[in-house]
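Structural overview for review
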Amino acid sequence: MAKNNEHIFSVEEAGESSGFLLWQVTSIWQREIRRALEPHGLTHSQFVILASIYWLSMQEQAVTQVLLSNHTKIDVMTTSTVLRTLQEKKLVLRAEHPTDTRAKVVKLTDTGKKLIKETVPVVEKFDQEFFAALGNKLPGFNKQLHTLLGS
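Residues numbered from 1 in each chain as written. Predicted model: local features only at pLDDT ≥ 70, side-chain atom pairs only at ≥ 80, totals over all residues. Heavy atoms only, no water.

1. A closer look at the pattern of salt bridges
Here is the rule we go by: Salt bridges are counted wherever a side-chain nitrogen of Lys or Arg sits within 4 Å of a carboxyl oxygen of Asp or Glu. The helix and strand labels rest on DSSP assignments: H or I over at least four residues marks a helix, E over at least two residues marks a strand, and numbering proceeds from the N terminus. Exposure classes here rest on a 1.4 Å probe applied to the protein chains alone. A residue is buried below 20% of its type maximum, exposed above 50%, and partly exposed in between.
This model, assessed by the stated rule, comprises six salt bridges. The closest approach of N and O atoms between Glu118 and Lys114, which form a salt bridge, is 3.1 Å. Taken as a pair, Glu118 and Lys114 lie in helix α5 (residues 110-131) at a separation of four residues, close to a single helical turn. On the basis of relative accessibility, which here comes to 35%, the residue Glu118 falls in the partly exposed class. A residue is classified by how much of its surface remains accessible, and Lys114, at 56% relative accessible area, is exposed. Among the charged side chains, a salt-bridge network with shared partners connects Arg31, Glu32 and Arg35.

2. What to know about the nonpolar core
Short version of the rule: Only buried residues count toward a nonpolar core, which is a set of Ala, Val, Leu, Ile, Met, Phe, Trp, Tyr and Cys residues joined through side-chain atoms within 4.5 Å. Throughout, a residue-residue contact means that at least one pair of heavy atoms, one from each residue, lies within 4.5 Å.
If you look at the biggest cluster of nonpolar residues, it comprises 24 residues, and the most contacted ones within it are Ile49, Leu50, Ile53, Leu86 and Val92. Where this core is concerned, the elements lending two or more residues are α1 (18-37), α2 (44-58), α4 (76-88), β2 (104-108) and α5. It is α2 that contributes the most residues to this core, six residues altogether. Excluding residues that lie within four positions of it along the chain, Leu86 makes contacts with Leu42, Gln46, Ile49, Leu50, Leu91 and Val92.

3. As for the packing of aromatic side chains
For clarity, the threshold we go by: Only the six-membered ring of Trp is used, alongside the rings of Phe and Tyr, when aromatic pairs are assigned; centres must lie within 6.5 Å, and planes under 30 degrees apart are stacked while those over 60 apart are edge-to-face, with the rest tilted.
Tallying each qualifying case throughout the model produces three aromatic pairs. Measuring from ring centre to ring centre gives 5.7 Å for Phe126 and Phe130, while their planes differ by 35°; the resulting arrangement is tilted. You can see Phe126 and its partner Phe130 sitting in helix α5, four residues apart, about one turn around the helix. Overall, Phe126 belongs to the buried group, its relative accessible area being 12%.

None of this, on its own, says anything about what the molecule does.
In structure tokens, the structure reads:
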């Protein structure tokens, strides 16, 4: 508790702030996922975009920048920047959309497919280990995350 009259927080302890707790957990999770992806030459954002292209392609959807942005919750400009980098790394291709002349379809190159097939197991293993502390509460935790996402 604050020792002066300047107490501006609605909580007595920092550990009572949901936002602060989420920030702490997210910071730890991001640092460790960055470490897991580093040997593969990918940032986490690049991995998420690559994995999402693969995932959405499996759903037989024409993958566009807007669809990727909506799926990943990464803003459109950042999605565009990451896609440009992935294209420079020869991991993705952009092609004309079959029906929308304003949009480009994004596809993984063979190198991109190979890399995502290598890295998905790495990330999934990391997630399993990181979230193992939740035990049988994990499904409920995921449900709460969906609630926060509005899905």
